[in-house]
Amino acid sequence: MKEKVDRSINRIDAPEKTGGYAEYIADMKFEGMLYAKTLRSEKPRAVIKSIDIPLLPEGCYVVDKNDIPGKNRVKMLLDDQPFFAEDIVNYIGEPILLVVGPDREQVAQVLSNIRVLYEEMEPVFTIVDAVKCDKASIYGEDNCFSGYEIIRGDPDRAFREAAEAIEGEYRTGLQEHIYLEPQGVIGVYENERVTVYGSMQCPYYIKTALVQGFGWDEERIRVVQTTTGGAFGGKEEYTSIIAGHAAFAAVKTGRPVRLIFDRAEDIICTTKRHPSIIKIKTALDKNRKITAMEVEITLDGGAYAGLSPVVLQRAMFAATGVYNIPNIKVKGRVFATNNVPSGAMRGFGGPQAFFAIEMHMQSLAESISRDPLDFKMENMLSKGDLTVTGGVLRYEVKLPQMIDLVEKMSGYRRKYEAFINDRGEVPKGIGLSIFYHGCAFTGSGEKEKIRARVKLKKRKDGKVLILVASVEMGQGSSTTLRKIVARAMDLPVEDVIYENPDTDIVPDSGPTVASRTVMIVGFLLKKAAERLKAGGEKAADFKVTEACEGPAELEVTEEYEEPGYIKWGHEKFEGDAYPTYSWGVNVVEVEVDPVTFVIKVNGIWGVYDIGTIIDERIIRGQMEGGIAQGLGYAAFEVMNTDCGNILQPSLADYIIPNSKEFPEMEIRLIDNPYEYGPFGAKGAGELPFIGAAPALASAVQNALKVPIKRLPVTPEYLLKVAEGEK
Amino acid sequence: MEGIFKINGKEIKVSFKSDAVLLSLLRENGCTEVKEGCREGECGSCVVLLDGRLVNSCQVFAASAAGKEITTVRGIGNIHSPHPIQSAFADSGAVQCGFCTPGMVLAAYCLLKKNPDPREDEIIEAIDGNLCRCTGYVKIIEAVKIAAKRMRENG
Ligand code: FES
Ligand code: FES
């Protein structure tokens, strides 16, 4: 029986999760397991002169840089971050060594008796100081991890000939993921092989990192994902570090080693969203048409590069937002500081860029006495137009219909007018953001870096197994991918099996990131399913788990093939930065307390184009959750540092949204099938995050009639802005 | 110290340190459905019912829970015969990563025991000590409404 593909079904993992039977990493026990705790740098920048370790109690071990058989670098883009500090530490919380032992309290006791003698160096804490570089450089000669420039058309000339140029500078702060389940892994060493179990997004990133850290053949390394309690990018690159720690410890001690963070440790030492400073300058001709834009993006990468170069690229490729700008110059740089490393987080540079461009467009329109929405719509991209990098938008851009729809749902225009003229006691405002997310890896990443492979096996009993490295981390992929295969093969969903990935069993379908799982991996699965249905090849007998043991009848492997239309020149950042885009329009209505400047959200509306919906309920959950995270980022998720110390190291200090914060959200999904996505689906997970902050900030701007240029929009900031205006 | 703990209707005898918190005692004795999200009393993923009252088990000394009725999410239903609240969570998409879910389900259970027909603001209030980073709470609130309705209709 053929179901409509978007019909919502109950998530396959719901019964075990509601029942309390899902097994997360902290719930796992191994015979003889030891506990590990990390000794971390207390200094933001220092030379380690000596480490004084008291006599260890029986059964306790210290594991450090000397226990790494291979290269003491976590495999990443620039390979600059050590697993354990060598002679220098570069941020507070940098791992120096592990203490491992059978009793947790004893381990903590031993750890507190270790003395590290530091010789402090002059630290760098701000982007501005990193750029200045008047202290010893942290990275390279100028602290700059990566710098790029994109030029399209002749921006210099356009600025020379402009009737006027309007500028703005926008800044955003740190954000912490606060996945509810803290980071955790268990390393096991058996028969000359090491296995890491853990909460993660990217089993093969970890495997590759361990291969480099051990210098072993890859056959000796195995990575198994356990039920993952949220990730949002926080378990993308970071987890490789602790996987290394637990694995080195397991090999040294010959026992399983468990390394699980408590909340404070998780907040202090894991990656954060990159803080940014973005300057935008727009040239207008005498008819007040936009002729050029110059955008300068500067990110705080923290102490090590991690994924910063790609985060920067994604921010740059979103620099001019959804607008059709004839002449463009975008300059981007990410700098090293002695702060905790910044890393992947939902949106991956997009949220910073879209906040800046959306606020800029609103302020620009208001400063030339134009209606912001009219002005935005006049300049909006449509099919056939060029992206920042000069790629052609090949598919229909449905933004006009989406804006129409959100207008009907929210009454945006009427309210905007009413609020802008309103001088009532309690300022009210409404804001609208228009945005996109480039689906899948940036540039030629899918083709050159990832080359995803997926496998399907069909057993004699007719059941089909999905073998991919893409994880379920809450976003629903274990259900969505099953639906795709079931639909392609005309099978009931119950006949399609998906297990948490184990690198001994699944091929490398790439990391679970970049809104690529459904669009890229799902599309490969659909193709594989169609071939399997038609025949497939004979498979060797195999064994997955008890539940799905049995001789395989047929198997099919599918490998990523780039759609022919994609053209990308990486040297100059020219062409199609992404295979396609998902689009969104978000409206937020607020009121601002006139005394405390606390923002109250009164309404949330969103319209999204993510191609075809595979499961409507799952997608709505993604949209709602993404909006809530984005609004937290916008309004109150404050994370400050003082000399490299994070000042909000607990959930009492770092406030994330609770059930009371936001009213109900009204969400609509627009159908716009993409030919290279399964049944037309595009990327979805990151998109809703991106629009929330600019929508909220524009609403505040509408309410207070002052330009908003900072995230988060805290009462302290609003007080300053309001006073500055007086 | 030693004590008898009544967990989901079963009594177990456990020895524990005098300063141990209930969360650790439960997790060490197989109740891994009680989650640790913060240990600071801020997230609600560790909640259990203690003599029918919802408490953050990371903020309760194990000693003070000895002899009392402790109920965890496994105590109100199981995979084969889930409690209506558990089914409603599954049916309305209120579960994503699932880490907050045991706590959320218990918070809802506690509410519906006292108030079988809660208003939306009462539901929001009842779960405001339970953090969820995935869902934005929309579907969780919906799930509690559905559960309440089903429970009223089926007595
Ligand atoms: S673990 Fe007890 S409230 Fe968070
Ligand atoms: S479902 Fe992930 S925290 Fe609630």
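Since the model is a prediction, treat every value here as computed from it, not as a measurement.

Novice: Help me understand the overall build of chain B, please; the structure alone is not making it clear to me.
Specialist: Along its length, chain B carries six helices and five strands. Along chain B, helices (α) and strands (β) appear in the sequence β-β-α-β-β-α-β-α-α-α-α when read from the amino end. The C-alpha extent of chain B, read off along each of the three principal axes, is 45 × 30 × 25 Å. A total of 155 residues make up chain B; the buried ones form 57% of that total. Partitioning the intrachain contacts of chain B with sequence separation of at least 6 by distance along the chain shows that 54% fall at a separation of at least 24. Counting every atom, chain B has about 6300 Å² of accessible surface; 48% of that belongs to carbon and sulfur.

Novice: Where do I start with helix 12 (residues 412–421) of chain A in this structure?
Specialist: Along an α-helix, residues three or four positions apart point the same way, because every turn accommodates 3.6 residues. All names here are of chain A. When helix 12 is considered as a whole, its buried residues turn out to be Tyr412, Lys415, Tyr416 and Phe419. With its buried residues spanning 105 degrees around the axis, helix 12 presents them on a single face. Opposite the buried face of helix 12, by more than 90 degrees, sit the exposed residues Arg414 and Asn421.

Novice: Looking at this structure, I do not really get the domain arrangement of chain A. What am I missing?
Specialist: It is common to give the size of an interface as the accessible area that goes away when the parts come together. All names here are of chain A. In terms of domains, chain A is made up of domain 1 (11–122 + 177–269), domain 2 (395–439 + 580–726) and domain 3 (445–559). The C-alpha centroid of domain 3 is placed 35 Å from the C-alpha centroid of domain 2. Between domain 2 and domain 3, the residue contacts involve 19 residues of the former and 16 residues of the latter. Interface area lost by domain 2 to domain 3 is led by Ile614, Pro678 and Phe679, which between them contribute 40%. Connecting domain 2 to domain 3 are one salt bridge. Across the salt bridge formed by Lys483 and Asp615, the nearest N and O atoms sit 2.8 Å from each other. In this structure, the connection of domain 2 to domain 3 is made through three residue pairs in polar contact (both at pLDDT 80 or more). Looking at the side of domain 2 that touches domain 3 residue by residue, the class counts come to nine nonpolar, six polar and four charged.

Novice: For this particular structure, what's the right way to read the interface of chain B and chain A?
Specialist: On the side of chain A, 54 residues touch chain B, which itself brings 44 residues to the contact. With both chains or domains summed, chain B and chain A bury close to 3900 Å², and 55% of this area falls on carbon and sulfur atoms. Looking at the side of chain B facing chain A, the largest losses of area belong to B:Gln96, B:Cys97 and B:Arg133, adding up to 21% of the total buried there. Linking chain B with chain A are seven salt bridges, by the criterion used here. Seen at the junction of chain B and chain A, the total is 28 residue pairs in polar contact (both at pLDDT 80 or more). Only helix 1 (22–28), helix 3 (84–91), helix 4 (101–114), helix 5 (120–126) and helix 6 (138–153) of chain B provide two or more residues apiece to the side of chain B that touches chain A. In the side of chain B that touches chain A, the residues fall into 17 nonpolar, 12 polar and 15 charged.

Novice: It is not clear to me how the domain arrangement of chain B should be interpreted in this structure. Could you clarify?
Specialist: Residues and elements named next belong to chain B. By domain assignment, chain B separates into domain 1 (2–75) and domain 2 (84–153). Relative placement of domain 1 and domain 2: their C-alpha centres are 21 Å apart. The partner domain 2 presents 12 residues to the 16 residues of domain 1 that form the contact. Summed over both partners, the interface of domain 1 with domain 2 comes to about 1100 Å²; 71% of that surface belongs to carbon and sulfur atoms. In terms of surface lost to domain 2, no three residues of domain 1 exceed Lys35, Leu54 and Val73, which account for 41% of the buried area on that side. Linking domain 1 with domain 2 are three residue pairs in polar contact (both at pLDDT 80 or more), by the criterion used here. It is strand 3 (residues 47–50) that provides the largest number of residues to the side of domain 1 that touches domain 2, a total of three residues.

Novice: How do you make sense of unusual backbone geometry when you look at a structure like this?
Specialist: Generally, phi is negative for residues other than glycine and the peptide bonds are trans, each holding for most cases. Residue A:Pro712 is reached from A:Leu711 by a cis peptide bond, and omega for that bond is -10 degrees. At A:Phe679, a residue that is not glycine, the phi angle is positive and equals roughly 55 degrees. As for its placement among the helices and strands, A:Phe679 is situated in the loop between strand 28 (665–670) and helix 17 (687–704). Phi at B:Arg39 takes a positive value of approximately 65 degrees, unusual for a residue other than glycine. Among the structural elements, B:Arg39 can be located in the loop between helix 1 and strand 3.

Novice: Sorry, what's going on with the side chain of A:Ser582 here?
Specialist: Tracing the sequence through the fold places A:Ser582 in strand 24 (residues 581–592). Among the polar contacts made by the side chain of A:Ser582, one reaches the main-chain carbonyl oxygen of A:Gly683 at a distance of 2.6 Å.

Novice: Can you help me understand the environment of A:Gly625 in this one?
Specialist: Along the chain, A:Gly625 turns up in helix 16 (residues 616–635). Using a relative accessible area of 0% as the deciding quantity, one classes A:Gly625 as buried. Residues A:Gly625 and A:Gly685, 60 residues apart in the sequence, show an inter-C-alpha distance of 9.4 Å. Those residues in contact with A:Gly625 that lie beyond four places of it in its chain are A:Arg346, B:Cys134, B:Thr135 and B:Gly136.

Novice: When you look at the pattern of salt bridges in this model, what are you seeing that I'm missing?
Specialist: Pairing between side chains becomes possible if they bear opposite charge and their charged atoms approach one another. All names here are of chain A. Tallied over the full model, the rule gives 57 salt bridges over all chains. A salt bridge links Glu562 to Lys447, with the shortest nitrogen-to-oxygen separation between them at 3.5 Å. Residue Glu562 is found in the loop between strand 21 (552–559) and strand 22 (568–569), and its partner Lys447 is found in helix 13 (residues 445–450); the two are separated by 115 residues along the sequence. Take Glu562: its relative accessible area is 22%, and that puts it in the partly exposed class. On the accessibility criterion, Lys447 (36% relative accessible area) is partly exposed. Two residues, Lys457 and Glu555, come together in a salt bridge whose shortest N-O distance is 3.2 Å. Of this pair, Lys457 sits in strand 17 (residues 453–459) while Glu555 sits in strand 21, and the two are 98 residues apart along the sequence.

Novice: What is the right way to read the sheet that holds strand 4 (residues 53–56) of chain B from this model?
Specialist: Sheet strands associate in pairs through backbone hydrogen bonding, adopting either a parallel or an antiparallel arrangement. All names here are of chain B. Read across the sheet, five strands follow the order 2-1-5-3-4 without closing on themselves; strand pairing throughout is mixed. Each having just a single partner strand, strand 2 (10–15) and strand 4 make up the two edges of the open sheet. Adjacent strand axes in the sheet meet at a mean angle of 40 degrees when their direction is disregarded. For strand 3 and strand 4, the ladder comprises four bridges, and the chain directions are antiparallel. Bridge assignment links Leu49 to a residue of strand 4, and that residue is Leu54. Seen against the sheet, helix 4 touches strand 3, strand 4 and strand 5 (69–71) and runs at an angle of roughly 35 degrees to strand 3.

Novice: When you look at the packing of aromatic side chains in this model, what are you seeing that I'm missing?
Specialist: Aromatic ring pairs are defined here through the distance separating the ring centres and the angle between the ring planes. Residues and elements named next belong to chain A. The final tally for this structure, using the stated rule, is 30 aromatic pairs over all chains. The interplanar angle of 85 degrees and the centroid separation of 5.1 Å between the aromatic rings of Phe354 and Tyr436 together place this pair among those described as edge-to-face. A residue pair is termed long-range when its members are at least 10 positions apart, and Phe354 in helix 9 (residues 350–367) and Tyr436 in strand 16 (residues 428–438) qualify at 82 residues. The residues Phe354 and Tyr436 share a single accessibility class, namely buried. The ring of Trp216 has Arg220 sitting right over it, with the charged end atom 3.6 Å from the ring centre.

Novice: For this particular structure, what's the right way to read the confidence of the model for chain B?
Specialist: Predicted coordinates in areas of low pLDDT are best not read in detail. Across chain B, pLDDT averages 97, with 100% of residues at or above 70. Here the prediction assigns the complex a pTM of 0.97, and the interface score ipTM is 0.98.

Novice: Whenever I open this one, the side chain of A:His274 confuses me. Can you help?
Specialist: All names here are of chain A. Tracing the chain through its elements places His274 in the loop between helix 7 (263–269) and strand 13 (276–284). Classification of His274 as buried rests on a relative accessible area of 1%. Among the polar contacts listed, one links the side chain of His274 to the side chain of Ser308, at a separation of 2.7 Å. Ignoring sequence-local partners within four residues, the contact set of His274 consists of Thr172, Gly173, Leu299, Asp300, Gly301, Ser308, Val311, Val334, Ser342, Gly343 and Gln352.

Each value, and the rule that gives it
Residues numbered from 1 in each chain as written. Chains lettered and ligands numbered in written order. Predicted model: local features only at pLDDT ≥ 70, side-chain atom pairs only at ≥ 80, totals over all residues. Heavy atoms only, no water. Helix = DSSP H or I, 4+ residues; strand = E, 2+ residues; numbered from the N terminus. Buried < 20%, exposed > 50% of the residue type's maximum accessible area, 1.4 Å probe, protein only. Contact = heavy atoms within 4.5 Å. Areas by Shrake-Rupley, 256 points an atom, 1.4 Å probe, with all protein chains shown as cover. Arc of directions from axis to C-beta. Domains from an automatic or database assignment. Buried area = accessible area lost by both parts, 1.4 Å probe. Salt bridge = Lys/Arg side-chain N within 4 Å of Asp/Glu carboxyl O. Polar contact = N/O pair within 3.5 Å; in protein donor to acceptor, adjacent residues only side chain to side chain. Nonpolar A, V, L, I, M, F, W, Y, C, P; charged D, E, K, R; others polar. Pairing = 2+ DSSP bridges. Axes fitted to C-alpha atoms, helices over the stretch in contact; angles between N-to-C directions. Phe/Tyr/Trp six-rings, centres within 6.5 Å; stacked < 30°, edge-to-face > 60°. Lys NZ or Arg CZ within 6 Å of the ring centre and 35° of its normal. pLDDT = per-residue confidence, 0-100.

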